[in-house]
Amino acid sequence: MGFVYLGSHFLVAHITMTIAIGCYFSFYFHCIIMVFLSCTCFWNGATFYMDYFSKKYEANLAKLDDVHKKISQDIKSDKKSD
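Within every chain, residues take consecutive numbers counted from 1 along the sequence as written. The predicted nature of this model means local features are confined to residues of pLDDT at least 70 and side-chain atom pairs, given and counted, to a pLDDT of 80 or more, with totals for whole chains, interfaces and linings taken over all residues. Side-chain figures throughout are based on the complete set of non-hydrogen atoms in the structure, without hydrogens or water.

J.: Just give me the short version of the pattern of salt bridges, but keep the residues and values in it.
T.: Any two side chains of opposite charge can pair, so long as their charged atoms come close to each other. Every case where a carboxyl oxygen of Asp or Glu lies within 4 Å of a side-chain nitrogen of Lys or Arg is listed as a salt bridge. In this structure the tally under the stated criterion is 1 salt bridge. The salt bridge partner of D65 is K69, with a shortest N-O separation of 3.6 Å. Placement of both D65 and K69 in helix α2 (residues 27–81) is noted, with a separation of 4 residues, approximately one turn of the helix. Residue burial is assigned from relative accessible area. The probe radius is 1.4 Å, only protein chains are included, and a residue is buried under 20% of its type maximum, exposed over 50%, and partly exposed in between. D65 gets classed as partly exposed once you look at its relative accessible area, which sits at 35%. The helix and strand labels rest on DSSP assignments: H or I over at least four residues marks a helix, E over at least two residues marks a strand, and numbering proceeds from the N terminus.

Okay, here's the thing in structure tokens:
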């Protein structure tokens with residue numbers, strides 16, 4: 001099991017170092033990597049907010065629906081008592 005960890009760590013470290021060396025020596029490669037990373041960050045942030053606020057919006061709609069049902073029941077009971 002230790003060899004699997006050691007081998008995967010070696011592979012990931014060398015891939016990362018290769019990318020770093022490529023960024024150091026090539027301005028265009030560095031710009032492409034930065035644009036890719038920026039787009040990834042924007043995408044992750046936008047996805048988080050869409051998921052978070054959609055759940056919050058649905059919860060607020062459920063509360064509003066409960067209030068609407070309670071008010072409708074109160075109005076019906078008031079009409080019956082008159």
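Back to the write-up after that little detour.
J.: Explain a nonpolar patch on the surface to me, using residue names and the numbers behind them.
T.: On the surface, L11, I15, I19 and F29 cluster together into a nonpolar patch covering about 340 Å² of accessible area. Of the residues forming the nonpolar patch, the biggest block, 3 residues, is contributed by helix α1 (residues 2–25). Residue placement: I19 occurs in helix α1. Relative accessible area serves as the criterion here: at 36%, I19 is assigned to the partly exposed category. In this scheme, patches are assembled from residues that exceed 30% relative accessible area and form no salt bridge. Like charges are connected within 9 Å, while nonpolar side chains (Val, Leu, Ile, Met, Phe, Trp, Tyr) are connected within 5 Å. Values of accessible area rely on a 1.4 Å probe in the Shrake-Rupley scheme; residue burial ignores everything except the protein chains shown.

J.: Give a detailed account of the packing of aromatic side chains, specifying residues and quantitative values.
T.: Working definition: a ring pair exists when centres of Phe, Tyr or Trp rings (six-membered ring for Trp) sit within 6.5 Å. Plane angles under 30 degrees give stacked, over 60 give edge-to-face, the rest tilted. All chains considered together, the criterion is met by 6 aromatic pairs. Between F48 and Y52, the aromatic rings sit 5.9 Å apart at their centres with planes inclined by 15 degrees, giving stacked as the arrangement. Residue F48 and its partner Y52 are both found in helix α2; the two are separated by 4 residues, about one turn of the helix. A relative accessible area of 48% places F48 in the partly exposed class. Here Y52 falls in the partly exposed class, since its relative accessible area comes to 41%. Residues Y52 and F53 carry aromatic rings whose centres are separated by 5.2 Å and whose planes lie at 75 degrees to one another, so their mutual orientation is edge-to-face.

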